[in-house]
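Report on the structure
Spelled out, the chains give:
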Amino acid sequence: MSIRIVFIHGLPENQATEWVVFLRRSLGNSYDLRTADQFTASELKVIEIAIVANPSPAELAKLPALLWVQSLWAGVDKLIEKTPENLKISRLVDPELERTMAEAVLTWTLYLHRKMHLYRNQQVNKIWEQHELLPPSQVNVGILGMGRLGQAAAQRLSDNGFCVSGFRRNKNSYNSIKVLYGESGLEELLKHSQILIILLPLTSETHHLINKRKLSLMPKGASIINFARSQILDNRALLESLNNQAIEHVVLDVFEMEPLPVTDALWEHPSITILPHIAATTKKSSASTIVAENIRNFAETGKFPDGTVRRPQGY
């Protein structure tokens, strides 16, 4: 008898259907993968494994025997917040996701470094003005969050000549990247970062981590890229810094409400570039292969995969 796995999602139906095709292909005939509405209520009561993408807490609550949730995304803060303490949650750990994020970080760092945001606004106002271009070796880039995504991004920036420093909660060593720790390390990094990249997970400790006081530590004219979670940045303090021209520009790819409402004032701000959460999208082909391998290993050994959340840390 094949092992039953439920796919719980909050995706448009066409996207969910595509995911089911990829996941079934990767899992093979030993696993019976279906969406929740395709199982009976009695079948759902004994299912132990779920694959999820933007799941409803109410749907997860219908699975009393659930042991483990494998997310199709790298971010799992909402799952941690809305599920029981004893439920194991694994984020997606995918080298393709790391490559994509590193590429996005380099792209938008170059966008800021080459003053593309200024030239965009100049075109709107028909202004012909050239701006000084520093070599990357004279540009300090700070990365908040040195997990897998942060490490890949830091290495890509370093390979392209930028002066890169990172910040993380716990001490660790890296071959070529300077990494700072603790509150004093964070403040030191902010004081020197001409471009700040946010790649931290959202936890109780990182909520509004970059607030009015922290923004005031940054060099005048610095810029920020947020590819993590909106709530890590205090947007009210950020707008104040932009309006005072203390911060020159910010690239936002994440928002508390997505899609960003058309009435939101962020759309109109000339010093904000808005992206529709596209920095590092999950690739169905590679993700499905990794998820299938995680499930097979769990079925054979009972061991949870790399990327399983440590709830006390919040990630």
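Structure: above.
Below, the structure is looked at part by part. What you see is a predicted model; the values in this text were computed from it and never measured. (Residues numbered from 1 in each chain as written. Predicted model: local features only at pLDDT ≥ 70, side-chain atom pairs only at ≥ 80, totals over all residues. Heavy atoms only, no water.)

Counted residue by residue, strand β10 (residues 222–226) has five buried out of five residues, so it is predominantly covered. Residues A222, I224 and N226 of β10 are buried on one face, and the alternating residues S223 and I225, pointing to the opposite face, are buried as well. The pairing of strand β9 (residues 195–198) with β10 spans four bridges and is classified as parallel. Bridge pairing in β10 places I197 opposite I225. Across five bridges, β10 lies against strand β11 (residues 247–252) in parallel orientation. (Buried < 20%, exposed > 50% of the residue type's maximum accessible area, 1.4 Å probe, protein only. Helix = DSSP H or I, 4+ residues; strand = E, 2+ residues; numbered from the N terminus. Pairing = 2+ DSSP bridges.)

This brings us to the sheet that holds β10. If you walk across this open sheet you meet the seven strands as β8-β7-β6-β9-β10-β11-β12, and the pairing is parallel. Each of the sheet's edge strands pairs with one partner strand only, and the pair in question is β8 (178–181) and β12 (272–274). Taken pair by pair, the neighbouring strands of this sheet meet at an average axis angle of 15 degrees, ignoring direction. The pairing of strand β7 (residues 163–168) with β8 spans four bridges and is parallel. In the sheet register, F167 faces β8, and the bridge partner there is L180. The strands touched by helix α7 (residues 148–159) within the sheet are β6 (140–144), β7 and β9, with β6 carrying the most contacts at an inclination of about 170 degrees. (Axes fitted to C-alpha atoms, helices over the stretch in contact; angles between N-to-C directions. Contact = heavy atoms within 4.5 Å.)

Quick look at the nonpolar core now. One finds L144 and I224 to be the most contacted residues of the largest nonpolar core, which totals 29 residues. Taken together, the elements giving at least two residues each to this core come down to α8 (182–192), β9, β10, α10 (235–243) and β11. With residues up to four places along the chain from it excluded, the contact list for I224 reads L112, L196, I198, L215, M218, L233, L238, I247, H249, V250 and V251. Formed by 26 residues, the second largest nonpolar core is a distinct cluster that contains V139, I195, I197 and V251. (Core = buried A, V, L, I, M, F, W, Y, C linked by side-chain atoms within 4.5 Å.)

The strand order β2-β1-β3-β4-β5 describes an open sheet built from five strands, whose pairing is parallel. Strands at the two margins of the open sheet, each flanked by one partner only, are β2 (31–35) and β5 (88–90). Strand after strand, the sheet turns through a mean of 25 degrees between neighbouring axes, direction not considered. Of the pairings in the sheet, the one linking strand β4 (residues 68–71) to β5 comprises three bridges and is parallel in character. Bridging across to β5, Q70 finds its partner in S90. Strands β1 (3–9), β2, β3 (49–53) and β4 of the sheet are contacted by helix α11 (residues 284–301), whose axis makes an angle of about 160 degrees with β4.

A word on the pairing of β11. Burial runs high along β11: five of the six residues are buried. Read as a crossover between parallel neighbours, the route from β10 over α10 to β11 is right-handed. (Right-handed = clockwise from strand over helix to strand, strands pointing away.)

Next up on the list: the pattern of salt bridges. This structure, assessed with the given rule, holds 18 salt bridges. For R213, the salt bridge is made with E183, and the minimal N-O distance between the two is 3.3 Å. With R213 in helix α9 (residues 212–217) and E183 in helix α8, the pair connects residues that are 30 residues apart, well separated along the chain. Accessibility expressed as a relative area gives 42% for R213, which makes it partly exposed. Owing to a relative accessible area of 40%, E183 belongs among the partly exposed residues under this scheme. When salt bridges that share partners are traced, they join R4, D32, R34 and E43 into one network. (Salt bridge = Lys/Arg side-chain N within 4 Å of Asp/Glu carboxyl O.)

Our next topic: the packing of helix α5 (residues 95–113) against α7. One way to put it is that α5 packs onto α7 with a least axis distance of 8 Å and a crossing angle of 50 degrees. By the angle class used here, α5 and α7 are oblique. The element α5 and its partner α7 pack so that their crossing is right-handed. Contact with α5, carried on its side by L97, E98, R99, M101, A102, E103, V105, L106 and T109, involves R148, L149, A152, A153, R156 and L157 of α7 and no other residues of that element. For the contact of α5 with α7, the per-class residue count stands at nine nonpolar, one polar and five charged. (Parallel < 35°, antiparallel > 145°, perpendicular 65-115°, else oblique. Left-handed = near helix turned anticlockwise from the far one by under 90°. Nonpolar A, V, L, I, M, F, W, Y, C, P; charged D, E, K, R; others polar.)

Along the chain, E258 connects to P259 via a cis peptide bond; the corresponding omega equals -5 degrees. Examined against the element boundaries, P259 turns out to sit in the loop between β11 and β12. Positive phi, normally seen in glycine, also occurs at K126, with a value near 55 degrees. Residue position: K126 is located in the loop between α6 (116–124) and β6. Here Q245, not a glycine, exhibits a phi torsion of approximately 65 degrees, which is positive. Here Q245 is to be found in the loop between α10 and β11. Among the residues examined, Q245 registers a relative accessible area of 60% and is labelled exposed.

This paragraph deals with helix α1 (residues 13–27). Along an α-helix, a turn takes 3.6 residues, which lines up residues three or four apart on a common side. Helix length check: α1 (15 residues) gives 21 Å between terminal C-alpha atoms against 21 Å at 1.5 Å per residue, within 8%. Of the residues making up α1, those classed as buried are A16, W19, V20, L23 and L27. Around the axis of α1, the buried residues are gathered within 105 degrees of arc, so they sit on the same side. Exposed and oriented more than 90 degrees from the buried face of α1 are N14 and R25. (Expected span 1.5 Å × (residues − 1). Arc of directions from axis to C-beta.)

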